[in-house]
Amino acid sequence: MERKDEGLRQLGGKTAYRTDYAPEVLEAFENKHQENDYWVQFNCPEFTSLCPITGQPDFAEIRIAYIPNVRMVESKSLKLYLFSFRNHGDFHEDCVNIIMKDLIKLMAPKYIEVTGIFTPRGGISIYPYANYGQPGTKYERMAEKRLMNR
């Protein structure tokens, strides 16, 4: 069977880790089941970033769930993208929203949600959640309902 990599550069190649925020490493491929609504979920339990004030490391589990449209994110490129936050300084809420917006720009999914489950620092845990549904569709209504029912 012939492999169609659709121009993916990261998959199967030598891994080059970026040392700062790098949305350009994200890659997408065509969804072969565009006629179906279905969930794709990623659980990234080793996410790290830096506090923008103190420079101390923050650790989190990032959960990404989306309903694809035409394009889907390639998982190795997603791993490298999330790794690029390692030396990036941003608040927890910013990281979650940046990840969501970068994935929307890459894929234009029907629906997406990103949750950050950050480990406690100073006795407080922060769990930011952001979601998006394509405007003017049932997915926009779904996003509103899911956000209001959290």
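Rules used in this analysis
In this convention, every chain numbers its residues from 1, walking through the sequence in written order. Two thresholds apply to this predicted model, a pLDDT of at least 70 for residue-level local features and 80 or more for giving and counting side-chain atom pairs, whereas whole-chain, interface and lining totals are computed over all residues. The basis for the side-chain values is all heavy atoms of the structure; hydrogens and waters are excluded. Type-normalised accessible area, obtained with a 1.4 Å probe on protein chains alone, sets the label of each residue: buried when under 20%, exposed when over 50%, and partly exposed for intermediate values. For helices the rule is a DSSP run of H or I covering at least 4 residues; for strands it is a run of E covering at least 2, with both sets numbered from the N terminus onward. When DSSP finds two or more bridges between two strands, those strands count as paired. Only buried residues count toward a nonpolar core, which is a set of Ala, Val, Leu, Ile, Met, Phe, Trp, Tyr and Cys residues joined through side-chain atoms within 4.5 Å. The contact criterion used is simple: two residues touch if any of their non-hydrogen atoms lie within 4.5 Å. Each polar contact in these results corresponds to two N or O atoms within 3.5 Å; when the atoms are within protein, one needs to be able to donate a hydrogen and the other to accept it, and residues that are neighboring in sequence are counted only if both atoms are side-chain atoms. UniProt positions are given in the numbering used here, feature names are shortened, and annotations may be inferred rather than shown by experiment. Axes here refer to lines fitted to C-alpha atoms; in helices the fit is confined to the stretch in contact. Angles between the N-to-C directions go from 0 to 180 degrees.

Asks: How should I be thinking about the pairing of strand S3 (residues 57-67) in this particular structure?
Replies: A regular strand carries its side chains on alternate faces of the sheet. Across the eleven residues that make up S3, a large majority, eight, are buried. Pairing between strand S2 (residues 40-50) and S3: nine bridges, direction antiparallel. When the bridges of S3 are listed, Ser49 appears paired with Asp58. Turn length for the S2-S3 hairpin, with the two strands adjacent in sequence and antiparallel, is six residues, and the turn residue Gly55 shows positive phi of about 80°. Two elements, S3 and strand S5 (residues 111-118), share eight bridges in a ladder whose sense is antiparallel. When the sheet's bridge partners are listed, Glu61 is paired in S5 with Ile117.

Asks: What should I look at first to understand the nonpolar core in this one?
Replies: Proteins that are soluble and globular tend to have nonpolar side chains buried together. Formed by 29 residues in total, the largest nonpolar core has its most connected members in Phe47, Ile64, Leu78, Ile99, Leu103 and Ile112. When residues of this core are traced back to their parent elements, those giving at least two are S2, S3, strand S4 (71-73), helix H1 (75-83), helix H2 (92-107) and S5. Per element, the largest residue contribution to this core is seven residues, and it comes from H2. In this structure, Ile67, Tyr111, Tyr129 and Tyr139 belong to the second largest nonpolar core, which totals five residues.

Asks: Help me out: how do you make sense of the environment of Tyr129 in this one?
Replies: With respect to the helices, strands and loops of the structure, Tyr129 is situated in strand S6 (residues 129-133). When the C-alpha positions of Tyr129 and Met100 are compared, they lie 9.7 Å apart, and in sequence the two are 29 residues distant. In contact with Tyr129, not counting residues within four places along its chain, are Val96, Tyr111, Glu113, Val114, Thr115, Arg146, Leu147 and Arg150. Reaching out from Tyr129, the side chain makes a polar contact with the side chain of Tyr111 at a distance of 3.2 Å.

Asks: Before we go on, may I ask you to explain the UniProt feature "active site" (unreviewed entry) in the protein chain in this structure?
Replies: The UniProt entry lists Cys51 and Asp58 under the feature "active site" (unreviewed entry), expressed in the numbering used here. Turning to its location among the elements, Cys51 is positioned in the loop between S2 and S3. Excluding its chain neighbours within four sequence positions, the residues that come into contact with Cys51 are Gln56, Asp58 and Arg121. The topology assignment puts Asp58 in strand S3. Once residues lying within four places of it in the same chain are set aside, the contact partners of Asp58 are Phe47, Thr48, Ser49, Leu50, Cys51, His92, Phe118 and Arg121.

Asks: So what exactly am I meant to see when it comes to the sheet that holds S3 here?
Replies: What links the strands of a sheet is backbone hydrogen bonding, and the strands pair in either a parallel or an antiparallel sense. Ordered in space as S2-S3-S5-S6, the four strands form an open sheet in which the pairing is antiparallel. Because the sheet does not close on itself, it has two edges, and the strands there are S2 and S6. Adjacent strand axes in the sheet meet at a mean angle of 15° when their direction is disregarded. In this fold H2 packs onto S2, S3, S5 and S6, with an angle of close to 155° to the strand it touches most, S5. Strand contacts of helix H3 (residues 138-148): S3, S5 and S6, with the helix running at about 160° to S6, the strand carrying the most contacts.

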